[in-house]
Amino acid sequence: MAAFIDKVKIKIISGHGGNGCVAWRREKFVDKGGPAGGDGGSGGSVYFVADENMSTLLDFSYKSVFRAQDGENGKNKNCHGQCGEDLYLKVPVGVLVRDLKSNKVIADLNEHNKTVLVAKGGRGGRGNARFATAQKRSPQFCEPGEASVERELELELKLIADVGLLGMPNAGKSSFISIVSSARPKIADYPFTTLVPNLGVVKKPDGDGFVVADIPGLIEGASQGVGLGYEFLRHIQRCRFFIHIVDMSLENPYENYLKINHELEKYDSELVKRHQVLVLNKSDIVEAHRTEEIKAQFSKSGDDIFVVSCATKEGIDKLLSHIYTLADKLPQHEIKIDVEHDEDFDNNDDSAFEITKLNKNTYNITGGKLKRLINVTDIMNVQQIRRLSNIMDSMGVWARLKSLGAQNNDTIIVEGVEMIYTDMYYQ
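Residues numbered from 1 in each chain as written. Predicted model: local features only at pLDDT ≥ 70, side-chain atom pairs only at ≥ 80, totals over all residues. Heavy atoms only, no water.

Draft legend 1. Structural view of the overall build of the protein. A tally of helices and strands in the protein yields 8 helices and 18 strands. The buried share of the protein, taken over its 427 residues, is 48%. Restricting to contacts in the protein with at least 6 residues of sequence separation, those with at least 24 account for 72%. On the protein, roughly 22,000 Å² of surface is accessible, and the fraction owed to carbon and sulfur atoms is 46%. (Helix = DSSP H or I, 4+ residues; strand = E, 2+ residues; numbered from the N terminus. Buried < 20%, exposed > 50% of the residue type's maximum accessible area, 1.4 Å probe, protein only. Contact = heavy atoms within 4.5 Å. Areas by Shrake-Rupley, 256 points an atom, 1.4 Å probe, with all protein chains shown as cover.)

Draft legend 2. Just the pattern of salt bridges, in detail. Applying the stated criterion across every chain, the model contains 13 salt bridges. As a salt-bridge pair, Lys75 and Glu72 come within 3.3 Å of each other at their nearest N and O atoms. Using a relative accessible area of 38% as the deciding quantity, one classes Glu72 as partly exposed. Across the pair Glu270 and Arg274 runs a salt bridge whose closest N-O atoms are separated by 2.6 Å. (Salt bridge = Lys/Arg side-chain N within 4 Å of Asp/Glu carboxyl O.)

Draft legend 3. Representation of helix 4 (residues 288–298) in the model. Considered for burial, the residues of helix 4 that qualify are Thr291, Ile294 and Phe298. The arc that holds every buried residue of helix 4, seen down its axis, measures 65°, which confines them to one face. Buried positions along helix 4 lie against strand 12 (241–247), helix 3 (253–267), strand 13 (276–281) and strand 14 (304–307). (Arc of directions from axis to C-beta.)

Draft legend 4. Structural context of the packing of helix 3 against helix 4. For the pair helix 3 and helix 4, interaxial distance at closest approach is 10 Å and the crossing angle is 35°. Between helix 3 and helix 4 lies a crossing of right-handed hand. Here Pro253, Tyr254 and Tyr257 of helix 3 come into contact with helix 4, specifically with Arg290, Ile294, Gln297 and Phe298. Its residues assigned to classes, the contact of helix 3 with helix 4 shows 5 nonpolar, 1 polar and 1 charged. (Axes fitted to C-alpha atoms, helices over the stretch in contact; angles between N-to-C directions. Left-handed = near helix turned anticlockwise from the far one by under 90°. Nonpolar A, V, L, I, M, F, W, Y, C, P; charged D, E, K, R; others polar.)

Draft legend 5. Expanded view of the side chain of Asn128. Inspection of the secondary structure puts Asn128 in the loop between strand 7 (115–119) and strand 8 (150–157). There is a polar contact of 3.3 Å between the side chain of Asn128 and the backbone oxygen of Pro139. Those residues in contact with Asn128 that lie beyond four places of it in its chain are Cys21, Val22, Ala23, Trp24, Pro35, Ala36, Gly37, Pro139, Phe141 and Cys142. (Polar contact = N/O pair within 3.5 Å; in protein donor to acceptor, adjacent residues only side chain to side chain.)

Draft legend 6. Spotlight on the packing of aromatic side chains. The tally for this structure, following the rule as stated, stands at 6 aromatic pairs. Geometrically, the ring pair formed by Tyr257 and Phe298 is edge-to-face, given 5.4 Å between the ring centres and 70° between the ring planes. Taken together, the residues span a long stretch of sequence, with Tyr257 in helix 3 and Phe298 in helix 4 at a distance of 41 residues. As far as the burial class goes, Tyr257 and Phe298 line up, both buried. An aromatic cluster is built from Tyr254, Tyr257 and Phe298, whose rings are joined through pairwise contacts. (Phe/Tyr/Trp six-rings, centres within 6.5 Å; stacked < 30°, edge-to-face > 60°.)

Draft legend 7. Representation of the sheet that holds strand 5 (residues 95–99) within the structure. Pairing in this open sheet of 5 strands is mixed, and the strands run 3-1-8-5-6 from one edge to the other. Pairing within the sheet leaves two strands with one partner each, and these edge strands are strand 3 (65–67) and strand 6 (104–109). Adjacent strand axes in the sheet meet at a mean angle of 30° when their direction is disregarded. Of the strand pairs in this sheet, strand 5 and strand 6 are connected by 5 bridges, and their pairing is antiparallel. Residue pairing in the sheet places Asp99 in a bridge with Lys104 of strand 6. (Pairing = 2+ DSSP bridges.)

Draft legend 8. Region of the structure containing the sheet that holds strand 2 (residues 46–51). Read from one edge to the other, the open sheet built from 3 strands follows the order 4-2-7, with strand pairing classed as mixed. The sheet is open, and its two borders are formed by strand 4 (87–92) and strand 7, each paired with just one other strand. The sheet shows a mean angle of 30° between the axes of neighbouring strands, direction not considered. Pairing of strand 2 with strand 7 involves 4 bridges; the strand directions are antiparallel. Residue pairing across strands places Tyr47 opposite Leu117, the latter belonging to strand 7.

Draft legend 9. Examining the state of the cysteines more closely. Taken as a whole, this structure holds 0 disulfides when the rule is applied. For Cys142, which is in no disulfide, the shortest distance to another cysteine sulfur is to Cys21 and amounts to 6.9 Å. For Cys142, a relative accessible area of 15% gives the class buried. (Disulfide = S-S within 2.5 Å.)

Draft legend 10. Summary view of the pairing of strand 13. For strand 13, the tally of buried residues reaches 6 of 6 residues, placing the bulk of the element in the interior. Neither face of strand 13 is left uncovered, since the one carrying Gln276, Leu278 and Leu280 and the one carrying Val277, Val279 and Asn281 both have all their residues buried. Alignment of strand 12 against strand 13, held across 6 bridges, turns out to be parallel. Bridge pairing in strand 13 links His244 to Leu278. Handedness of the crossover joining strand 12 and strand 13 through helix 3: right-handed. Pairing between strand 13 and strand 14: 4 bridges, direction parallel. Looking at the pairing, Val277 lines up with Asp304 of strand 14. (Right-handed = clockwise from strand over helix to strand, strands pointing away.)

So, in structure tokens, the structure goes:
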């Protein structure tokens, strides 16, 4: 049996953009052929895709680093580099994606085939043919490709089931799910035989079906880590209603029922408000008058009550008929997930910028467009630095610096790249 993995940490890396090319057209009978450097290809992006055929994050426990393909460099004769292939990572339906750096949830993959972009590939650099103008017919530079995006993410699976099974260890949850579905969990006469959640599909008479989740036993003190603690309670948060199975053969079954609900309330106060169907199990080994006493005791809970025996299947048909009705009547419960806006994919093609004076002679300049330009500027190339300066001048950066009192030879830091300010070009 495959291991059940419901939380993993991984690293994803998008593709690096290919560099542009500096080349020249050199053909016989073509005078002054001009620049002919092609563009680099864009790097591949990384996507997550929800797949209902998957039920665990086991694949991500064997491999934790995933990289999309880099874009190819541009070539001569105006040949562009090939774009890198996008990487699509399949995950089970119900996965939350959290960015470990910001600790924000950036995606909730709660529907089959839902696709989310999590790392955009770097843009390919432009070749020198792109920079030819009537005034500058032989540009000696090109753009490098944009860098790849690296992110460390946590994937957390919250199973999407219609019905959740609650109950103390050894109450009969595994026996029940094995009767009503094709699931075959481990069944034994000792507690904690179920160590991971089991899913079973219950077929209704009309041919439709719904999913039941058997959650490992929750006991008193789980909030302090007793037993299996709260390890798997995340998997019942989306359930429409609960089937609470109670072992009538125990001395105080009603107290056990209250303990389970108390632990549910500690985990999430909304869960105890969810509709519950009380299933009093093991009627085959409990005397009739004792069964009536227990049933009367539970009647004050206000929940639907059914007396069954999972061993002999007594009362199961009546219980299933009621569950079918509830499955049709009660709506799917959607838990509220605060999915944060992923700032990594903001549109950076704007002219907004901010200047912060760090000290008497140092200024820090940031802005979406400047970050993009710095990423594709070769700071060792004089022509590219001059081009960057001209763009910054047209944006009003130099005028703003001058108004703030910047002097010649002051240090300016543009998106992490240090430069020396001079006003000789900006009179």
